[in-house]
Amino acid sequence: MSNQRQRALNIVQQRTTDRVFAPADKISDFYAEHVFNMDKMRATLAPETFKKVESAIKKGKKIDLEAASEVASAVKTWALSKGTTHYTHWFQPLTGATAEKHDSFFDAHKGIEVFKASALIQQEPDASSFPNGGIRSTFEARGYTAWDPSSPIFIWGRTLCIPTVFVSYTGEALDYKAPLLKAVEAVDKAATKVCQLFDRNVNRVSASLGCEQEYFVVDRALYNARPDLVMAGRTVFGHHPARGQQLDDHYFGAIPSRVYNYMKDFEIECLKLGIPVSTRHNEVAPSQFEVAPIFEDINVATDHNSLMMDVMARVAERHDLAVLFHEKPFAGLNGSGKHNNWSLITSTGVNVFQPSTSARENLQFLTFLVNTIKAIHSNAGLLRASIASAGNDHRLGANEAPPAIMSVFLGSDLTAVLDELENNGNIKVDKGDNMYMKLGIDKIPHIILDNTDRNRTSPFAFTGNKFEFRAVGSDQNVAEPMTVLNLIMAKQLKEFYGVVNERIDKGEDKKIAIVNVLREYIKESKAVRFEGDGYSSDWAKEAEKRGLPNVKDTARALDAYVSDQSKAIFEEFGVMSAIELEARNEIQHENYIMKLQIEARLISEIARTQVIPAALKYQNKLITNAKGLKEFGLDTSHVTAILERVNGLINTIQTKVQDMNDERGKVNDIEGTRERAIAYCDNLKAAYFDDIRAAVDKLEVIIDDEDWPLLKYREMLFLR
Ligand code: ADP
Ligand code: MG
């Protein structure tokens, strides 16, 4: 074979592994050395200024121009001492990638390096080239990025990066971060009030997030030889390898040395950037891995996840590897997710999801647990929408982890506790009673601490002292699901606080009022609790009976963002206006269409220019062979059988590709974005993608290996 495939395979044979060494034995010697963090600020700013910055970070106070000038000057000195030449506002526009526009510190007029407060505080990227869902044409032509002091400034490469939010001049959010910050503020406010029912000393509640990032790693030469991986992030063709993940030997197995050195390298870069990466291991599928930092404040954790993905992609180049964040790069093997471990922690240091030995704290624990379940139940559609993407559609509802039905897993012990509370609905608790004992909620800590019962099929699971939102896609910006989760939690807690207070005003004892409301909630939200196998078809039927939404595709799932209920919640907490939601919805539908359009084009092009020619070539070999056999008077039936088979498959591919392209022409003419997205989903993806693939994949296992033009799964996944 002399094709691109063979050339790539030859390159891979020559690869060697470079061992990676950490800059110091102890991580603490280089941790966060590229971050202008609190310690560096304390050391370089006047005490007054430092206090201002600190209260901006902790309490969201505005920083005045004078203080900003001092920060800018200290940052510049630090950055120049580390050899940086440029600075950029670093932000997360709705494209899904991070964005930056580098400006030099050097001012040619003055002949010196300058960095003014104004440059720290605000920058104007050319906003018109970022998706805005029509906001900018309706409102104001320009947008700007604004410094977010709550996420630390860092150096990446030779560039100083200033984390920012991206907003239009009329105030609409144009990025993922601005709504997240508002949602986090909303949950802080609502949760603090609820916590004060239990402890007056609580004055703040912060949301925490720890992301488990899954990814695939492929040799760069192999990656470059697969146009579908390069353009769409996933393989649109490829027969299952004889050996996939059925031996279960990859999970937690020894990490291949090339990948190990790559991991070590990007981890070092992450650590220098103050990203607290702590665990690494193989995942279920061959060539699939996971990295997880220790949880942090949600805002910082979100920035860190985006930054880590950038770092991983860039460091992969150094190792001649490509990292794949797509949710389903390889059909038939496990896809990649990003488990979002989430909890709420009070200013007094209590994790509200941590069962405790103190009865008072346990009632608080139950309060937050039940309110979370209720929030998910009331907003299942919106939560589903928050993780909708073309890539994630290959996981959710596609017989793989986890289903598109939003349900909550608690484990049998906690389920028993809630059942008991519910069934004790008639037990009257009087003043002076030991309410905890009477209701059977005094024993929680004993049961949960050794609760190892873990259900991997649940999209939203309680795992001991946190909830784990597992349905999030590996390629997603986590700000989106975290905005929704914290927002619906804020809504739920606010409602709870109101109802409890009404009861108290009517003379009910506080604790009894709380328990009574919780009992009602437990009943009302019971349908969303599910402990069984989330992948089974029985669950889909059962969920339907329970009235739980099960929307399998992004085109339709996104509707939940613009429902009246959703708009009301977003507006109530000032997180986004109805106009912003409509605009975002438009962007997401557009994005979905674009992704499917690229895939449809790739399918057509690769099928016509690579697969069919290879099949024709093989056919010619068969024809020559059959003619020869005939000359010798030998039986040709086995050869003509293959010939017929190949001919049939070529025919199928040729016809279906043509039909698909014709259909795409029609679909592209559909006026409404939502309607067009649905047509892309139903009339193109569902109608053609799998069928064409099936025919191509069959050819792959018939045609002479020498002639097959595309790298095979076994070559991409098992070569090290
Ligand atoms: P696994 O679910 O694979 O067993 P771990 O329990 O080790 O993983 O935790 C996974 C992630 O959850 C890590 O990022 C960890 O820091 C994070 N995590 C642990 N406790 C909390 C918490 N209270 N709040 C948020 N994240 C947490
Ligand atoms: Mg986990």
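Reading the values: the criteria
- Residues numbered from 1 in each chain as written.
- Chains lettered and ligands numbered in written order.
- Predicted model: local features only at pLDDT ≥ 70, side-chain atom pairs only at ≥ 80, totals over all residues.
- Heavy atoms only, no water.
- Near = heavy atom within 4 Å.
- Polar contact = N/O pair within 3.5 Å; in protein donor to acceptor, adjacent residues only side chain to side chain.
- Areas by Shrake-Rupley, 256 points an atom, 1.4 Å probe, with all protein chains shown as cover.
- Nonpolar A, V, L, I, M, F, W, Y, C, P; charged D, E, K, R; others polar.
- Donors = N, O, S within 2.8 Å, 3.2 Å for Na, K, Ca; no water.
- Helix = DSSP H or I, 4+ residues; strand = E, 2+ residues; numbered from the N terminus.
- Buried < 20%, exposed > 50% of the residue type's maximum accessible area, 1.4 Å probe, protein only.
- Domains from an automatic or database assignment.
- Contact = heavy atoms within 4.5 Å.
- Buried area = accessible area lost by both parts, 1.4 Å probe.
- Salt bridge = Lys/Arg side-chain N within 4 Å of Asp/Glu carboxyl O.
- Pairing = 2+ DSSP bridges.
- Expected span 1.5 Å × (residues − 1).
- Phe/Tyr/Trp six-rings, centres within 6.5 Å; stacked < 30°, edge-to-face > 60°.
- Lys NZ or Arg CZ within 6 Å of the ring centre and 35° of its normal.

**Re the site of ligand 1**
Taken together, twelve residues lie around ligand 1, and Glu212, Pro293, Phe295, Asn341 and Ser343 are the ones closest in. In the model, an oxygen atom of ligand 1 is placed 3.1 Å from a nitrogen or oxygen of the Glu212 side chain. Note that an oxygen atom of ligand 1 is positioned 3.4 Å from one of the side-chain N or O atoms of Glu468. In isolation ligand 1 offers 560 Å² of accessible surface; the protein chains occlude 74% of this area. Among the residues making up the shell around ligand 1, the classes are represented as three nonpolar, five polar and four charged.

**Topic: the coordination of the magnesium ion (ligand 2)**
Donor atoms from the polypeptide that coordinate the magnesium ion (ligand 2) comprise Glu212 (OE), Glu212 (OE) and Glu468 (OE), at 2.2 to 2.8 Å from the metal. Placement of the pair is Glu212 in strand E11 (residues 205–219) and Glu468 in strand E19 (residues 467–469), with a sequence separation of 256 residues. For the residue pair Glu212 and Glu468, the accessibility class agrees, reading buried in each case.

**Looking at the domain arrangement of the protein chain**
Where interface size is given, it is often the accessible area lost as the parts come together that is meant. By the assigned domains, the protein chain splits into domain 1 (31–174), domain 2 (184–576) and domain 3 (595–718). For domain 2 and domain 3, the distance between their C-alpha centres works out to 40 Å. Between domain 2 and domain 3, the contact holds 32 residues from the first and 29 residues from the second. Taking both partners together, domain 2 and domain 3 bury about 2,800 Å²; carbon and sulfur atoms supply 68% of that area. The largest contributions to the domain 2 side of the interface with domain 3 come from Arg226, Phe237 and His239, which together make up 25% of the buried area. Put simply, domain 2 and domain 3 have three salt bridges between them. On inspection of domain 2 and its partner domain 3, the count reaches twelve residue pairs in polar contact (both at pLDDT 80 or more). Counting only elements with at least two residues in the side of domain 2 that touches domain 3, the list comes to E11, helix H9 (227–232) and helix H20 (554–557). Of the residues in the side of domain 2 that touches domain 3, the class split is 18 nonpolar, six polar and eight charged.

**A word on the pairing of strand E10 (residues 159–168)**
Burial analysis of E10 places ten of its ten residues in the buried class, the great majority of the element. Burial along E10 is two-sided: Thr159, Cys161, Pro163, Val165 and Val167 facing one way and Leu160, Ile162, Thr164, Phe166 and Ser168 facing the other are all buried. Sheet analysis places strand E2 (residues 86–91) next to E10, joined by five bridges and oriented parallel. Paired with Thr88 across the bridge in E10 is Cys161. Here strand E8 (residues 143–147) runs beside E10; their pairing, made up of five bridges, is antiparallel. Residue pairing in the sheet places Gly143 in a bridge with Ser168 of E10. Strand direction decides the pairing type here: strand E9 (residues 153–156) and E10, joined by three bridges, are antiparallel.

**What about the environment of Lys526?**
Examined against the element boundaries, Lys526 turns out to sit in the loop between helix H18 (510–524) and helix H19 (537–545). With relative accessibility at 37%, the residue Lys526 sits in the partly exposed group. Sequence-wise, Lys526 and Glu422 are 104 residues apart; in three dimensions their C-alpha atoms are separated by 9.9 Å. Residues contacting Lys526, with those up to four places away along its chain left out, are Asp419, Glu422 and Arg546. Polar contacts involving the side chain of Lys526 include one to the side chain of Glu422, which spans 3.4 Å.

**Observations regarding helix H17 (residues 479–505)**
Turn by turn, an α-helix covers 3.6 residues, leaving residues three or four places apart pointing in a common direction. Its 27 residues place the ends of H17 38 Å apart at the C-alpha level, agreeing with the 39 Å of an ideal helix rising 1.5 Å per residue. With its phi angle positive at about 105 degrees, Gly507 sits one or two positions after the end of H17.

**Some words on the packing of aromatic side chains**
By convention here, two paired aromatic rings are described through the distance between centres and the angle between planes. Under the counting rule described, the total for this entry stands at 21 aromatic pairs. With a centroid separation of 4.8 Å and 55 degrees between ring planes, the pair formed by Tyr87 and Phe115 is classed as tilted. Here the residue Tyr87 occupies a position in strand E2, and Phe115 occupies one in the loop between strand E6 (112–113) and helix H5 (117–121), the gap between them amounting to 28 residues. One exposure class covers both Tyr87 and Phe115, and it is buried. Grouped by ring-pair contacts, the aromatic residues Trp342, Phe353, Phe365, Phe368, Phe460, Phe462, Phe467 and Phe469 constitute a single cluster. Residue placement shows Lys374 over the ring face of Tyr521; its charged tip is 5.0 Å from the ring centre. Of note, Lys494 hangs over the ring of Phe573, and the distance from its end group to the ring centre comes to 5.1 Å.

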